[in-house]
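# Coordinates in review
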8 protein chains.
Amino acid sequence: MDIRNLLEKVKNGDIDIDLAIDKLKDLPYEDIGYANIDHHRQIRNGYPEVIYCEGKSDEHILGIIKRMNEKGSNILGTRCRKDTYKKIRNIYPNCEYEELSRILKIENKPIKNIGKGKIVVVTGGTSDIPVADEAYYTAKFLGNEVERVYDVGVAGIHRLLNKLNILKSARVLIVIAGMEGALPSVVGGLVDVPVIAVPTSVGYGANFGGISALLTMLNSCASGISVVNIDNGFGAGYLAATINKLD
Amino acid sequence: MDIRNLLEKVKNGDIDIDLAIDKLKDLPYEDIGYANIDHHRQIRNGYPEVIYCEGKSDEHILGIIKRMNEKGSNILGTRCRKDTYKKIRNIYPNCEYEELSRILKIENKPIKNIGKGKIVVVTGGTSDIPVADEAYYTAKFLGNEVERVYDVGVAGIHRLLNKLNILKSARVLIVIAGMEGALPSVVGGLVDVPVIAVPTSVGYGANFGGISALLTMLNSCASGISVVNIDNGFGAGYLAATINKLD
Amino acid sequence: MDIRNLLEKVKNGDIDIDLAIDKLKDLPYEDIGYANIDHHRQIRNGYPEVIYCEGKSDEHILGIIKRMNEKGSNILGTRCRKDTYKKIRNIYPNCEYEELSRILKIENKPIKNIGKGKIVVVTGGTSDIPVADEAYYTAKFLGNEVERVYDVGVAGIHRLLNKLNILKSARVLIVIAGMEGALPSVVGGLVDVPVIAVPTSVGYGANFGGISALLTMLNSCASGISVVNIDNGFGAGYLAATINKLD
Amino acid sequence: MDIRNLLEKVKNGDIDIDLAIDKLKDLPYEDIGYANIDHHRQIRNGYPEVIYCEGKSDEHILGIIKRMNEKGSNILGTRCRKDTYKKIRNIYPNCEYEELSRILKIENKPIKNIGKGKIVVVTGGTSDIPVADEAYYTAKFLGNEVERVYDVGVAGIHRLLNKLNILKSARVLIVIAGMEGALPSVVGGLVDVPVIAVPTSVGYGANFGGISALLTMLNSCASGISVVNIDNGFGAGYLAATINKLD
Amino acid sequence: MDIRNLLEKVKNGDIDIDLAIDKLKDLPYEDIGYANIDHHRQIRNGYPEVIYCEGKSDEHILGIIKRMNEKGSNILGTRCRKDTYKKIRNIYPNCEYEELSRILKIENKPIKNIGKGKIVVVTGGTSDIPVADEAYYTAKFLGNEVERVYDVGVAGIHRLLNKLNILKSARVLIVIAGMEGALPSVVGGLVDVPVIAVPTSVGYGANFGGISALLTMLNSCASGISVVNIDNGFGAGYLAATINKLD
Amino acid sequence: MDIRNLLEKVKNGDIDIDLAIDKLKDLPYEDIGYANIDHHRQIRNGYPEVIYCEGKSDEHILGIIKRMNEKGSNILGTRCRKDTYKKIRNIYPNCEYEELSRILKIENKPIKNIGKGKIVVVTGGTSDIPVADEAYYTAKFLGNEVERVYDVGVAGIHRLLNKLNILKSARVLIVIAGMEGALPSVVGGLVDVPVIAVPTSVGYGANFGGISALLTMLNSCASGISVVNIDNGFGAGYLAATINKLD
Amino acid sequence: MDIRNLLEKVKNGDIDIDLAIDKLKDLPYEDIGYANIDHHRQIRNGYPEVIYCEGKSDEHILGIIKRMNEKGSNILGTRCRKDTYKKIRNIYPNCEYEELSRILKIENKPIKNIGKGKIVVVTGGTSDIPVADEAYYTAKFLGNEVERVYDVGVAGIHRLLNKLNILKSARVLIVIAGMEGALPSVVGGLVDVPVIAVPTSVGYGANFGGISALLTMLNSCASGISVVNIDNGFGAGYLAATINKLD
Amino acid sequence: MDIRNLLEKVKNGDIDIDLAIDKLKDLPYEDIGYANIDHHRQIRNGYPEVIYCEGKSDEHILGIIKRMNEKGSNILGTRCRKDTYKKIRNIYPNCEYEELSRILKIENKPIKNIGKGKIVVVTGGTSDIPVADEAYYTAKFLGNEVERVYDVGVAGIHRLLNKLNILKSARVLIVIAGMEGALPSVVGGLVDVPVIAVPTSVGYGANFGGISALLTMLNSCASGISVVNIDNGFGAGYLAATINKLD
């Protein structure tokens, strides 16, 4: 552990105490005024850096990317406006953009596959695709094999059963549904691997922007299921990757 | 229509105007101070009289039964306390009681089967049985053939598919579920007859006394489904009977 | 049942096992990547195909219509943007559009009347008409005689009583109301046929986009009433048709 | 105005300044430590004193009554536990108690009729009677003629129409309903006098302890209606009296 | 009563039975397809006709005004878009418009003062004025003397106490407040006449579009207060007028 | 796969078609009237059978245990009343009970450790222990090494940092907190393994029986976190085991 | 700072590195299995130790008190059951108990007055006293002069104005109210010192266990006000003390 | 006190009684029709005048500023639209504007530092800056030294610990966070001075426009924390200043 190293150096007089105190502070974060960038995570596990773009000005996003890029990191931006993307591409031409899921990516070095198995992303309907693709691209960027099975909601249960062999081939499942959100319960009863449920804000009337689907998933009578926030495809992809790299 | 009859009598002088006005008021309801009893419905369609016992004192319930019984009606009491039942049985020994569903019944004349097909009552779990039995006994009392399929929730989808032939034999389906409440959506995708969904307050955590299941059912992506209030087994049974007697 | 047929063929060696497994998968659904089209329902009951257009891109909607049209189906689109309609009409000139209810329809073959009685659609106010017309056109497309009674809300109870003979002529009633949503309770007390209640998001202040009306309808003290989601005219029309074709 | 009187006395030297300051403080309220009793209102308009008993200890209630009784006031206690009543009766034998509505009353002097017309209290069901009686006894104590019309809910609209002449005889109406709470809207459309709507917590499922009825009443499409809190029979009775004494 | 008249005519053969049945239906309402206009109220009490314009198309509003205008009624439109007003003015040049409160008015005959006393409209802040003016103009149109006291919220209690003599001069008070909505409680403790509380959607954060103020007013510890829906200035003005014309 | 086996037997005439259809139905579930027992899962993965006891009668629980016990399964009962436990112990003396977490267990055969790493259960406070122990015993029963770190909530951040080496030794973390529920966010920022967050209903005031903690966890700004229902220690333990057995 | 001290000792070889690591862990917290006791705070500022007793078993509470008492600390227990108090008194006879506020206190050494001014606790009603007394005793135990002004709610504004000089004598105000919760807004407009608002769960109907008062206080239009959780008298007393000891 | 002065003058005949009554009314407020300006506060404590601009027309804002400016006050406008600012600057060229926080300021005289210590403003993320800056500029305008520490949310706890010495240098802390809102709990456990928590509406999914963060903060298990409304940076800055000027 670094702290022991540092203490040994202090003991041996190899380092000044005030400097040691500073070191303890400075290592993992870089403070650029409006943001504290965490380079730590990237160093530790080779993951790309991630920027949640919503609610940040273009200037802030560009500033953060500049610092990350200087280190040669791969960079993933979520909820990125198309206009922002265009500004970034002018400066970093290797920048790419997925329009439906609003994912921005800069690959400065090849992505290594570090997942131990396959992640499968399942949706109830066609309208859940933007969230599903956010999960899909996130998990791919984090070094995983990912397969998609879309529009197999519970109101036509045979559509789902037709895909059973794909479901059963997964090491981790991400199951995404809006409206009544019942799909994870059914899937959870069919497999024996972790199921990450993602409610979407798809629907109308008393769906309350996804609350109905969220509650359904929290109350699932199937075991082995957990839930991330409404429309949080990124969170699901990240968690799936975290599980899938366990060995 | 009665009103034409009455008007004809008025025209012919067969009836006094003040009396005619009174007639218009008095026909269908009997005012006993704390309640206005509707004998009308019973006369029209041969249905038993129904008393919602919750929140009524034993004295009031007994008073209402007394008036109904004088007419020889069949009587159905819902949400009846066991103590109340015992008091009633002392006076009306032909009174019966279903403990789980808290249904009280007095059969003063045989129930005629007036339903055109079969009603099937389905539940997700064992804990939904009190509500399901309220629907079951209500529909039977209203003159229907009823069959029960219990504990076939979506987390073990094959349990449900095993019963598919029974589901398909129904003219009307009542589907009852707590927790995530996804069962009606799956059933609704498997059949082509009306599905009445009943959320129950079974569950814990963020199920909010049945609200989670209620929202799930309202947001169902399957067609042909409608919803009654939480735990309202009586309402589902009554509506199923209303549909099943259509010819 | 098809599965018996298939098993018989397997037994007789008329079909290879792997092929049999494939057959079981392929029959009712057509997977076009972003959607799994259910041609099954159409084959079974002659209903038109239905597309819920909200949240789908024009390209997806056109792609789905193309596949459906190839089979000569009648097609119903709900919540269809006017712009989308115009694009579709350029390709399928027999396409029609109801602006108020945003209903799109393509009649490739005449609609057969398969309903056993009349469906009556009732509204509390003028502002409920878009939802009411969605129910009206849906039920008509599904082969029913439908009649409309609009703006007869409970604050002027005689407006409603004036239409009593129309209400009583219905085999199924769809009752639509916003604001306090009391109309279904009153109608439910006047008739003895199924009442489908539809809350609308009409109103202001503490109506919460229709929640107030929804709760009113769920808590109705009248029997024989069930509820569909807020503004879900299509769901009401579809359910009414499902009930009305029971024989 | 008293303050002018007082200032005149100050000017004339008839009263000491410090005493004047004290006078200004002491007049209307009596501070007994745990409560500030408002004798003012009673002096002004001859109304009885009112104690909201819920959440107060018996000792506090008795202490407050003692001070009030010393002035010979009539006293009204709402939400009074039966046990509390018994303790009070031991000390003040002219104390009376209405068990259903939990109203306590001490008439130290005859109640004068000060209302200009009749108040009519209407309920949707039998279970609303405790709240309705709280309104009834409150309005009577405040010097009004009051008439009761119970169990005339909207699901049997003719029960209500039968009582139309009583409704039309009122100067102020209190309309009380639980479950869907639609009664005030219908009544409001039938009369041209102020309607005070009282939601009750009667019902089950998604009625949320009266919230459903409350929202219904707030969203009423009839004019001339206002709402008091759930189960607040006292508030309705008091307001009706306040309106009815206007001349 | 008209019904007796009619019955007498029927008895005397002065009117045909079928015609009598029609008469009973036709009198108070005029059905113009998308709306049932209630001319009844206007005839009864000389009130202007009122149109709630929100959610109605310009065509519908114009159609309704045309029918009303033919009878020479005074007309009040609430929540009227400015564009709509301009179209109406082109046809009916005597049409006027209050921009802040979006009130439209057509005075075809002079407004008679029928109120027995003065109505006072009070607001907590400057931002409540649009709602307050809706109440103000409504009450004036219904024939009342009305006075305004604006921006006297409870956080500066002396601002309110400075206006005490105006408050005490009212026969009915309308008290309007957003944010915490405490003003009606304070006013209710200062006067002995009916207080109509109107919550407004003014505020931010956890005010939930007026719900916070609504709950405050419903839970008021002052007596003699009732509440109308959020931002419902019209409802308050109408109710105040209804109370103020009692004699 | 069994279905292929069966089909081969059908092809070879080794099994009758009707019998084959029956087989397909009967295998995994045993229908005992009020419950459909899933013996399937146990056979597949050696997991103990699990009974959710809440809302089931003692008779039902005993009946289910009897069937399970006949197969020699290990049995886990959650939310088991102490009284129920006593009845069960009379019949199955090897039954054990954890009073705080209300866990019932019958070990008919030794539990094999099948987890690949260590699961660590962390709580914010002392009052979260019942839920935490439910997770702890569930995970142990499912064959895992589990360690507990209790009462290290965020208001004393150094308590948590003191345990950092234990947190970092986990392959899966279960983090349990009531009140503000912030612990999972902090833990999630300190580790790189999956974090299962469990909100508890501990707290008072505006915690709404755990909703506050639930929302906190869903909105966590840390990655790699997912959430199960309020107080759902069993679900967390089961999911942790599901993740921990991945290889 | 201690960490510098420790580092100096490490540098000088006065302390072993492993021991230094241990020291860093052990100082402020004592881990007794089910709880991590924070002796730190007590050492720092002489405050009594505080135990939140709700949801803790008597054994746990006794165990924690035992450890605290060994250090001679003053001890404050909140939400303490009377039964628990009796058990504690048997062991620690100098233990005292305030029944209304359920405060437990052990004074092992005299309380020093460390507040710079006076704290005043104000309530709207008599029923708020239990919460108010929790604040009162907490602030006193933390070394403050505290004065109480009870039952001066806004519906009788002169009761409050009568106490203005006491309000103005405070350095910090705690203002406690249930029902509509408007008192802090009015007080906040009268003084220029910090106001801590405490909503209480007193009330009925749509007060939602204090939510109504909570929202009122959060939306206060007066400045200088902040809010603690519903019924959280302890939190208010603690914060008031924290402010009052600033110099 | 002024009232004694006035009374002495009345006694001595130095002032006419009617004039005295007027004086009592006129002093602190200036009524300009649509607003009652409180010059009182400014006179008392030298604070700048504050205008909450949201929901006020430009004309009203300009009118209020004109009156304030005539007195030479410093003026602070919150939630000011940029367009409004430009109109004001044309008239008052010394007007300044902070775009991110939408703060408008006119310094007619130098701001005196009246705070006794330093206020520190802390945020969880970059997106909280608009609210944080509103607090920052408010506190500075009210005469305080203020320091900012931004983007130190709990998911990277070391970022926060790195800034511990700044946190400990504060006399009052304002802690601002969206999403899960856990930062104030952690900060509250690290310091012994008052912490003002501000939830922001930053986040998505089930954060409900800041409600999630608000609940987290209200339920904080740390002591010494209180909460202001969502996004209410001004309120936090004002309260911090009120605390910081206590001596």
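Keep in mind that this is a model prediction, so the values were computed, not measured.

### Comments concerning the packing of aromatic side chains
Residues and elements named next belong to chain H. For the structure on display, the rule yields 24 aromatic pairs over all chains. Ring centres of Tyr85 and Tyr97 lie 4.7 Å apart, and the angle between their planes is 10°; this geometry places the pair in the stacked category. One end of the pair, Tyr85, is in helix α5 (residues 82-91); the other, Tyr97, is in strand β5 (residues 95-98), with 12 residues separating them in the sequence. You'll find Tyr85 and Tyr97 in the same group, each marked buried. In this structure, Arg148 is placed above the aromatic ring of Tyr136, and the distance from its NZ or CZ to the ring centre is 3.7 Å.

### Section: the interface of chain E and chain D
Contacts between the two partners involve 28 residues from chain E and, on the opposite side, 28 residues from chain D. For the pair chain E and chain D, the two sides together bury roughly 2400 Å², of which 54% comes from carbon and sulfur. On the surface where chain E and chain D come into contact, there are 0 salt bridges. Between the two partners, chain E and chain D, sit 10 residue pairs in polar contact (both at pLDDT 80 or more). Of all the secondary structure elements, the ones that give two or more residues to the side of chain E that touches chain D are α3 (40-45), α9 (183-190), α10 (211-218), β11 (225-227) and α11 (233-244) of chain E. Across the side of chain E that touches chain D, the residue classes break down as 13 nonpolar, 9 polar and 6 charged.

### A few points about the relation of the copies chain E and chain D
Mapping chain E onto chain D leaves a residual RMSD of 0.1 Å; the transformation is a rotation of 180° accompanied by 0.0 Å of translation along its axis. Within this description, the copies of the chain are treated as partners about a two-fold rotation axis. No C-alpha of chain E approaches the rotation axis more nearly than that of E:Val227, which lies at 2.5 Å. A shared interface surface links the copies, since 100% of the contact residues of chain E are contact residues in chain D too.

### Details of the relation of the copies chain F and chain A
Overlaying chain F with chain A gives an RMSD of 0.2 Å, the required rotation being 180° about an axis along which the chain moves by 0.1 Å. When the interface residues of chain F are mapped onto chain A, 100% of them again lie at the interface, so the same face is used by both copies.

### A look at the interface of chain F and chain A
Of the residues lining the interface, 28 residues belong to chain F; the matching set on chain A comes to 28 residues. Interface of chain F and chain A: buried area, both sides summed, is about 2400 Å²; carbon and sulfur atoms make up 54% of it. The largest share of the area that chain F buries against chain A comes from F:Asp192, F:Leu218 and F:Leu246, three residues that together contribute 25% of it. Taken together, chain F and chain A are joined by 0 salt bridges. Contributions of two or more residues to the side of chain F that touches chain A are made by α3 (40-45), α9 (183-190), α10 (211-218), β11 (225-227) and α11 (233-244) of chain F. Tallied by class, the residues present in the side of chain F that touches chain A amount to 13 nonpolar, 9 polar and 6 charged.

### Quick word on the pairing of strand β6 (residues 103-106) of chain D
Residues and elements named next belong to chain D. Side chains Ile103 and Lys105 of β6 all project onto a buried face; the interleaved residues Leu104 and Ile106 project onto the opposite face, where all are buried too. With 3 bridges connecting them, strand β4 (residues 75-78) and β6 associate as antiparallel partners. Following the sheet pairing, Ile75 is matched in β6 by Ile106. Of the strand pairs in this sheet, strand β5 (residues 95-98) and β6 are connected by 4 bridges, and their pairing is antiparallel. Each residue of the ladder has a partner; that of Glu98, found in β6, is Ile103. In textbook terms, the turn of a hairpin is the stretch between consecutive antiparallel strands, and for β5 and β6 this stretch comprises 4 residues, one of which, Arg102, has a positive phi near 55°.

### Some thoughts on the environment of B:Ile129
Positionally, B:Ile129 belongs in helix α6 (residues 129-141). Placed 19 residues apart in sequence, B:Ile129 and B:Arg148 show a C-alpha to C-alpha distance of 9.9 Å.

### Quick look at helix α6 (residues 129-141) of chain D
Residues and elements named next belong to chain D. Relative to the 18 Å expected for 13 residues at 1.5 Å per residue, α6 spans 18 Å between its end C-alpha atoms, a close match to the ideal helical length. For α6, the tally of buried residues reaches 11 of 13 residues, placing the bulk of the element in the interior. Looking at α6, one finds that the buried residues are Ile129, Val131, Ala132, Asp133, Glu134, Ala135, Tyr136, Tyr137, Thr138, Ala139 and Phe141. Gly143 sits one or two residues past α6 and shows a positive phi near 90°.

### Focus on the side chain of A:Asp151
By secondary structure assignment, the location of A:Asp151 is in the loop between β8 (145-149) and α7 (157-161). Among the polar contacts made by the side chain of A:Asp151, one reaches the side chain of A:Arg159 at a distance of 3.4 Å.

### Looking at the sheet that holds β6(D)
Residues and elements named next belong to chain D. The strand order across the open sheet formed by 4 strands is β3-β4-β6-β5, and the pairing between neighbours is mixed. At either margin of the open sheet sits one strand with a lone partner, and together these are β3 (49-52) and β5. For this sheet the average axis-to-axis angle between neighbouring strands, irrespective of direction, equals 20°. Sitting on the sheet, helix α5 (residues 82-91) touches β5 and β6, and the angle it makes with β5 is about 165°.

### Structural notes on the environment of D:Lys112
Secondary-structure assignment places D:Lys112 in the loop between β6 and β7 (118-123). Owing to a relative accessible area of 67%, D:Lys112 belongs among the exposed residues under this scheme.

### Points about the side chain of H:Arg171
Of note, H:Arg171 is situated in the loop between α8 (164-168) and β9 (172-177). There is no salt bridge for the buried H:Arg171, and the closest opposite charge comes from G:Asp247, which lies 5.7 Å off by N-O distance. At 2.9 Å, the side chain of H:Arg171 and the backbone oxygen of H:Asn244 are in polar contact. H:Arg171 has contacts with G:Arg171, G:Leu246, G:Asp247, H:Lys116, H:Gly117, H:Lys118, H:Val193, H:Pro194, H:Ile243, H:Asn244, H:Lys245 and H:Leu246, leaving out every residue within four places of it along the chain.

### Observations concerning the packing of helix α6 (residues 129-141) of chain C against helix α11 (residues 233-244) of chain C
Two numbers describe a pair of packed helices, the interaxial angle and the distance between the axes. Residue and element names in this part refer to chain C. Remark: α6 packs on α11, axes separated minimally by 7 Å, with the N-to-C direction vectors making an angle of 35°. Every pair of crossing elements has a handedness; the one defined by α6 and α11 is right-handed. For the pair α6 and α11, the contacting residues are Val131, Glu134, Ala135, Thr138 and Ala139 in the first and Gly233, Phe234, Gly237 and Tyr238 in the second.

### Examining the confidence of the model for chain A
When the pLDDT values of chain A are averaged, the result is 84; 84% of them are 70 or greater. Across the predicted assembly, pTM comes out at 0.82 and ipTM at 0.84.

### A closer look at the packing of helix α4 (residues 58-70) of chain H against α5(H)
Residues and elements named next belong to chain H. The N-to-C vectors of α4 and α5 enclose an angle of 40°; their axes lie 10 Å apart at closest approach. The interaxial crossing formed by α4 with α5 has right-handed handedness. Of α5, the residues touching α4 (which contributes Asp58, Ile61, Leu62 and Ile65) are Thr84, Lys87, Ile88 and Ile91. In terms of residue class, the contact of α4 with α5 is built from 5 nonpolar, 1 polar and 2 charged.

### Here we look at the pattern of salt bridges
With the rule as written, the count across this model stands at 80 salt bridges over all chains. Ionic pairing is found between C:Glu99 and C:Lys82, a salt bridge with its closest N-O pair at 3.0 Å. Here C:Lys82 lies in helix α5 (residues 82-91) and C:Glu99 lies in the loop between β5 (95-98) and β6 (103-106), a separation of 17 residues in the sequence. Given a relative accessible area of 51%, C:Glu99 falls into the exposed group. Looking at C:Lys82, the relative accessible area reads 33%, which means it is partly exposed. In this structure, H:Glu147 and H:Lys118 form a salt bridge, with 2.7 Å as the shortest nitrogen-oxygen distance. Of the two residues, H:Glu147 sits in strand β8 (residues 145-149) while H:Lys118 sits in strand β7 (residues 118-123), which places them 29 residues apart along the sequence.

### Some points on the pairing of strand β4 (residues 75-78) of chain H
All names here are of chain H. Side-chain alternation along β4 places Ile75 and Gly77 on one buried face and Leu76 and Thr78 on a second face that is also buried. Relative to β4, strand β3 (residues 49-52) runs parallel, the two sharing 4 bridges. Of the residues in β4, the one forming a bridge with Glu49 is Ile75. Once the chain exits β3 it traverses α4 before rejoining the sheet at β4, and the crossover so formed is right-handed.

### Focus: the sheet that holds strand β6 (residues 103-106) of chain E
Residues and elements named next belong to chain E. The mixed open sheet is built from 4 strands, whose spatial order is β3-β4-β6-β5. Two strands lie at the open edges of the sheet, namely β3 (49-52) and β5 (95-98), each paired on one side alone. Going from strand to strand, the sheet's axes swing by 20° on average, the running direction of each strand aside. Its contacts with the sheet place helix α4 (residues 58-70) against β3, β4 (75-78) and β6, and it is angled at close to 180° to β3. Contacts between helix α6 (residues 129-141) and the sheet are confined to β4, β5 and β6, with β6 contributing the most and set at about 15° to the helix.

Cut-offs used in this document
- Residues numbered from 1 in each chain as written.
- Chains lettered and ligands numbered in written order.
- Predicted model: local features only at pLDDT ≥ 70, side-chain atom pairs only at ≥ 80, totals over all residues.
- Heavy atoms only, no water.
- Phe/Tyr/Trp six-rings, centres within 6.5 Å; stacked < 30°, edge-to-face > 60°.
- Helix = DSSP H or I, 4+ residues; strand = E, 2+ residues; numbered from the N terminus.
- Buried < 20%, exposed > 50% of the residue type's maximum accessible area, 1.4 Å probe, protein only.
- Lys NZ or Arg CZ within 6 Å of the ring centre and 35° of its normal.
- Contact = heavy atoms within 4.5 Å.
- Buried area = accessible area lost by both parts, 1.4 Å probe.
- Salt bridge = Lys/Arg side-chain N within 4 Å of Asp/Glu carboxyl O.
- Polar contact = N/O pair within 3.5 Å; in protein donor to acceptor, adjacent residues only side chain to side chain.
- Nonpolar A, V, L, I, M, F, W, Y, C, P; charged D, E, K, R; others polar.
- Least-squares fit on C-alpha atoms with pLDDT ≥ 70 in both.
- Pairing = 2+ DSSP bridges.
- Expected span 1.5 Å × (residues − 1).
- Axes fitted to C-alpha atoms, helices over the stretch in contact; angles between N-to-C directions.
- Lys, Arg positive; Asp, Glu negative; His and termini not counted.
- Left-handed = near helix turned anticlockwise from the far one by under 90°.
- pLDDT = per-residue confidence, 0-100.
- Right-handed = clockwise from strand over helix to strand, strands pointing away.

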